[in-house]
Amino acid sequence: MTEAGLAIIGGTGFYKFLDDARQVQVDTPHGTPSAPISIAEVSGRKVAFLPRHGLNHDYLPSEVPYRANLWALKEIGVRQIIAFNTVGSLQPEYRKGDFVLVDQFVDRTWGRPDTFFSGNAAAHISSAQPYCGRMRELAAKALANADATVHPAGTVVVIQGPRFSTTAESRWFHSQGWHLVNMTQYPEVVLARELELCYCNLSYITDYDVAAKEVVGDEEAEAVSHHGVLRAFSADAGRVLDMVRRLVEAIPAGFDCPCRHALEQART
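Predicted, not measured: the structure shown is a model, and the values here were computed from it.

Draft legend 1. Examining the UniProt feature "binding site: phosphate" (unreviewed entry) in the chain more closely. Residues annotated in UniProt with the feature "binding site: phosphate" (unreviewed entry) correspond here to Thr12, Arg52, His53 and Thr184. Looking at the element boundaries, histidine 53 is found in the loop between strand S4 (45-51) and helix H1 (66-75).

Right, dumping it as structure tokens:
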């Protein structure tokens with residue numbers, strides 16, 4: 001089945017992207033995806049859209065059916081993914097309202113099914129460069145003239161959730177030099193690599209986590225809350241959508257990439 005070669009995965013607050021879309025339901029060996037996949041044309045090409053948390057924030061970060069989501073996208077012909085996340089900043093140079101093309105993660109989650117392989121069918125992918133470098137380079141060029149501050153790289157620490165960090169944890173993350181905090185980038189990015197899909201992440205900073213005064217030096221910043229994240233995204237939704245459309249237009253349909261050969265030396 002070839003429905004769309006490029007997909008967008010939306011994060012918190014980002015539940016709809018395509019107008020006049022056709023919905024496709026895909027059954028997978030790993031259950032049902034978060035929501036039906038929407039397919040429509042964007043700038044003359046077919047694009048798929050899947051809200052990570054469901055249509056109405058139906059899944060907590062640890063409950064998202066990551067394997068079903070990625071499997072379903074590949075099943076309909078997707079080979080490149082633009083994943084969107086809302087994140088908190090841990091460093092003063094990463095400001096609220098900025099965008100980040102994440103290039104590294106630190107996994108602090110537990111218990112999430114995070115591989116398609118097991119037993120004598122195991123595979124050990126490399127995670128040295130977990131996000132697609134080719135797509136990230138294209139994205140950086142596409143967003144260079146956008147009306148936004150775009151950081152070309154950043155490390156995100158992925159926490160289990162659904163609770164937000166303690167002040168002590170936030171201070172610790174900051175002291176390690178990590179730039180961002182989020183609850184959903186893992187295991188999505190590594191599952192994409194196991195399926196040999198190219199995966200690029202665009203993160204939008206909505207807050208300064210819970211230790212804003214101590215970590216970022218912003219005396220006026222409020223501690224992160226779910227309502228605050230939704231409010232920040234909603235206030236800037238138009239600019240977010242513009243950034244995503246720029247990326248769609250910049251990612252070519254035809255390509256070769258090391259991501260497409262991730263399993264060649266990974267299988268046992």
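Draft legend 2. Representation of the nonpolar core in the model. Ranked by size, the top nonpolar core spans 43 residues in total, and within it Ile37, Ala48, Leu73 and Ile81 carry the most contacts. Only strand S1 (6-10), strand S3 (37-42), S4, H1, strand S5 (80-89), strand S9 (155-159), helix H4 (185-194) and strand S11 (198-207) provide two or more residues apiece to this core. Leave out the neighbours within four places in its chain, and leucine 73 touches Ala7, Ile9, Ile37, Ala48, Leu50, Val78 and Ile81.

Draft legend 3. Just the UniProt feature "site: Important for substrate specificity" (unreviewed entry) in the chain, in detail. Per the UniProt annotation, the sites labelled "site: Important for substrate specificity" (unreviewed entry) are Ser165 and His226. Its place among the elements puts serine 165 in the loop between S9 and helix H3 (167-175). Since its relative accessible area comes to 8%, serine 165 is described here as buried. Ignoring sequence-local partners within four residues, the contact set of serine 165 consists of Ile159, Ser170, Phe173, Val181, Asp209 and Val210.

Draft legend 4. Quick look at the packing of aromatic side chains. If you walk through the whole model with that rule in mind, you get 7 aromatic pairs. Counting every residue linked through ring pairs, the aromatic cluster contains Trp172, Phe173 and Trp178.

Draft legend 5. Highlighting the pairing of S3. Across the 6 residues that make up S3, a large majority, 5, are buried. As paired strands, S3 and S4 are joined by 5 bridges and run antiparallel to one another. Its bridge partner lying in S4, glutamate 41 is registered against lysine 46. Taken together, S3 and the strand that follows it, S4, pair antiparallel across an intervening segment of 2 residues, in which serine 43 is found at a positive phi of about 55°.

Scoring rules and cut-offs
Residues numbered from 1 in each chain as written. Predicted model: local features only at pLDDT ≥ 70, side-chain atom pairs only at ≥ 80, totals over all residues. Heavy atoms only, no water. UniProt positions renumbered as here; feature names shortened; annotations may be inferred. Helix = DSSP H or I, 4+ residues; strand = E, 2+ residues; numbered from the N terminus. Core = buried A, V, L, I, M, F, W, Y, C linked by side-chain atoms within 4.5 Å. Buried < 20%, exposed > 50% of the residue type's maximum accessible area, 1.4 Å probe, protein only. Contact = heavy atoms within 4.5 Å. Phe/Tyr/Trp six-rings, centres within 6.5 Å; stacked < 30°, edge-to-face > 60°. Pairing = 2+ DSSP bridges.

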